[in-house]
Structures are given as C-alpha cells and as structure tokens.
Amino acid sequence: MILYLHFSDPRTTNTPPDATYRQLIALLGDFTPLVQALPPDAALADISGSLRYFDRDPTGIAALIRTRTATLDTGTTIGIAPNPLLAHLTAHRATPGTTRTLPDNPHAITAFLTTLPATALPGVGPATARTLASYGLTTAGKIAATPLLTLQRILGTAPARQLHQRAAGIDPTPLTPGAPPPTVSAEHHFTRDELDPDRQRDALTHLAEHLGTQLRDEHRTCRSLTLTLHYADHSTTTRTRTLPEPTAHTPHLRTAAHAIHRGLALQRARVRHLALRADNLHDTDATPRQLTLDPTDDKARRIETATDRARTRYGPTAVRPASTAGIP
C-alpha cells in the first residue's frame, strides 16, 4: 500500500520550513526505505513491506507516523491507497489532519472515482476543466466511461490517454525513493478566496521578489519555476516552466511566474493559496550568464543590487514593488 502524506503548519496551514520538511522525510525513513519526497510539503511512502515488521495494518502505521510528526509541530494529512495517484486523491479528499483509506478493492475504487470532480485529477486545470465541462465530462467517472478516441478528439492524443488512465485510477508511475532536491520556495495565503486575477498576479510578483532575494542571498540560481495553486474546493493545480537560462534575476522570475499564471486561464477561479518554488538550483559562480546588449537589463540588475543592499541594511520589506503594497 502507498501513503501520500501532506504536511502543514497546524496553526496556519502553510507549508513547513525546509529544515522541518527534511526532518519529516528522514522520519519516514524509520518506517520504510521507500520514500519519495515531493517538496515542499508532501511525500509518498510504500509501506507494503513494513506491515509485517510493525505488526500493524496501513491505518495503524499511519497513526504511528502522525504521532511522530506531531513532535515536529507539524500537521499531517494522510491518504492510503493501492497506488500513488489514488493515495494522492484520497489524501486531498480527506479532512485536514486526518487519515483516509481507500481499500485495494475494484468496487471501492470505482465508487470513489465515480463522483470525483474532474478538477481533482492531476493535470486538469481550470481551462481543461471548462473544455471537458462543455462536453458534460465533469467527473472522473464520466471521463473514464468516455471512449478514448472521443477524448482524444477533445484534448489531443497524449493528454487524453493520460487523463483516461487517471480517471480510471490507473497509475503506472513507479515510486522513486530519494532525498528531496534543494529548492527555494515562497507562498501566500489569501485572507479570503481570491477571484481577482490582478490580485493573484500582485501576490505572484511579491513571491518572485522573495525568491529572487533569497536566491541571491544564498548565491544560487534556478533553472525552473513551479507554481502551485490551492482552490477553495481543496483541489490544486501545479505547473512547472523551464527558464531560458539559470537565473536569480527577479524580473526574469516574475515574468516566468506571470506567464505560468496567464497560461492557466483561471478567469473566476477561487484561489485560496499560492506557492512559488525555484527548482534545479545551481551555485552562482558555476552559472554562465548570457551576455546582452540591452541597457534596460543592465540598469535593472544595478537597481536590484542596490535594493538588495537596502534590504540587508533596513530589513526585507524596506524596498518592494508598489503593486505588492498591503501584501504581507
């Protein structure tokens, strides 16, 4: 059986600090060596071989893990299912801070997926959901019951095949154990569900500023950027974009973040939480920089250096874009 674990600060529901997250991954290693980190706030664990050793069923092992993670002042929501996809879906349909189990039973799996909203399936963002809804495909059950050729005409060959498998609860992806790669992340939790895309972009601007500053402070650059959106119905959308070159330059990070957000075509989506993560990190000294003759870019980098000095001397909020005023 597979456990999908989602970690959060029990007081704020925000993601745990990076150091705490690494402690959580190490803690899971006490129960099974088959742990796949999913930074910044989740992990997969295959406990099939641990059941006999601990003389407990999957729910019992989950209870042990929840007890241990509580010592790190971290809330844990756990989904238990036969494969990583189903475990992920089960966890996201569970009440925060609890454990939910989906038995390894075809009838139970079918019943769980039948009424599951299409937006709950990985890869189904608001734009894809609207396309599917225009054909009446609003649940995983309806998608699974649709002939694959019909779905391919709607979405295209590869996306349709992948979605058709996910809607049926099929996940051939193997669990790949490994320590979490180094990342830098920032997040923003709206005080109310935010429908205004301009306010969402302002929050992204603030997160890009935070990431850029932290990367430069640590003398690192990133090669890719990942945006995760949490909606009011507890569903999520995650998109990653590879950058043209490794960078810690805030305007480049901001442009990429806005491009990811724009590509989602959210319209009136009720966004509750945004997380922006810099992945594929490199040391600044080992990162080549493409030369440019653009004087605007050179001026922006000089301003960036000056603002970094001001933040170091007067605090992280000493200088910030006007559009992010009022965003904590």
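Cut-offs used in this document
Residues numbered from 1 in each chain as written. Predicted model: local features only at pLDDT ≥ 70, side-chain atom pairs only at ≥ 80, totals over all residues. Heavy atoms only, no water. Pairing = 2+ DSSP bridges. Helix = DSSP H or I, 4+ residues; strand = E, 2+ residues; numbered from the N terminus. Axes fitted to C-alpha atoms, helices over the stretch in contact; angles between N-to-C directions. Contact = heavy atoms within 4.5 Å. Parallel < 35°, antiparallel > 145°, perpendicular 65-115°, else oblique. Left-handed = near helix turned anticlockwise from the far one by under 90°. Phe/Tyr/Trp six-rings, centres within 6.5 Å; stacked < 30°, edge-to-face > 60°. Buried < 20%, exposed > 50% of the residue type's maximum accessible area, 1.4 Å probe, protein only. Expected span 1.5 Å × (residues − 1). Polar contact = N/O pair within 3.5 Å; in protein donor to acceptor, adjacent residues only side chain to side chain.

### Let's talk about the sheet that holds strand 4 (residues 75-81)
Phase 1: Ordered in space as 2-3-1-4-5, the five strands form an open sheet in which the pairing is mixed. Bordering the open sheet on either side are strand 2 (35-38) and strand 5 (99-101), each of which pairs with just one other strand. Each strand of the sheet is rotated relative to its neighbour by a mean of 15 degrees, with strand direction disregarded.
Phase 2: Alignment of strand 1 (residues 2-8) against strand 4, held across seven bridges, turns out to be antiparallel. Residue Phe-7 lies in a different strand from strand 4, and its bridge partner there is Thr-76.
Phase 3: Sheet contacts for helix 1 (residues 18-28): strand 1, strand 2 and strand 3 (42-46); angle to strand 2, the most-contacted strand, approximately 165 degrees.

### Some thoughts on the environment of Pro-82
Phase 1: The topology assignment puts Pro-82 in the loop between strand 4 and helix 4 (84-92).
Phase 2: On a C-alpha basis, the gap between Pro-82 and Gly-169 in space is 9.5 Å, while along the polypeptide they are 87 residues apart.
Phase 3: With residues up to four places along the chain from it excluded, the contact list for Pro-82 reads Met-1, Ile-2, Leu-102, Pro-103, Asp-104 and Ile-109.

### Focus: the packing of helix 8 (residues 148-155) against helix 9 (residues 157-167)
Phase 1: Across the interface, helix 8 lies against helix 9 with an axial gap of 7 Å and an inter-helix angle of 130 degrees. Classified by the angle their axes make, helix 8 and helix 9 are oblique. Crossing angle aside, the handedness with which helix 8 passes helix 9 is right-handed. The segment helix 8 lies against helix 9, with Leu-148, Leu-151, Gln-152 and Leu-155 engaging Thr-157, Pro-159, Ala-160, Arg-161, Leu-163 and His-164.

### Looking at the packing of aromatic side chains
Phase 1: Within the structure shown, the criterion is met by three aromatic pairs.
Phase 2: On the basis of an interplanar angle of 70 degrees and a centroid distance of 6.3 Å, the ring pair of Phe-7 and Tyr-21 is categorised as edge-to-face. Placement of the pair is Phe-7 in strand 1 and Tyr-21 in helix 1, with a sequence separation of 14 residues. When sorted by exposure, Phe-7 lands in the same class as Tyr-21, which is buried.
Phase 3: Judged by centre distance (5.1 Å) and plane angle (80 degrees), the rings of Tyr-53 and Phe-54 are edge-to-face.

### Considering helix 10 (residues 197-217)
Phase 1: Taking 1.5 Å of rise per residue, the 21 residues of helix 10 would be expected to cover 30 Å, and the 30 Å separating its terminal C-alpha atoms lies within 8% of that figure.
Phase 2: Structurally, the start of helix 10 carries an N-cap: the backbone nitrogen of Asp-198 is 2.9 Å from a side-chain oxygen of Asp-196.
Phase 3: His-219 sits one or two residues past helix 10 and shows a positive phi near 55 degrees.

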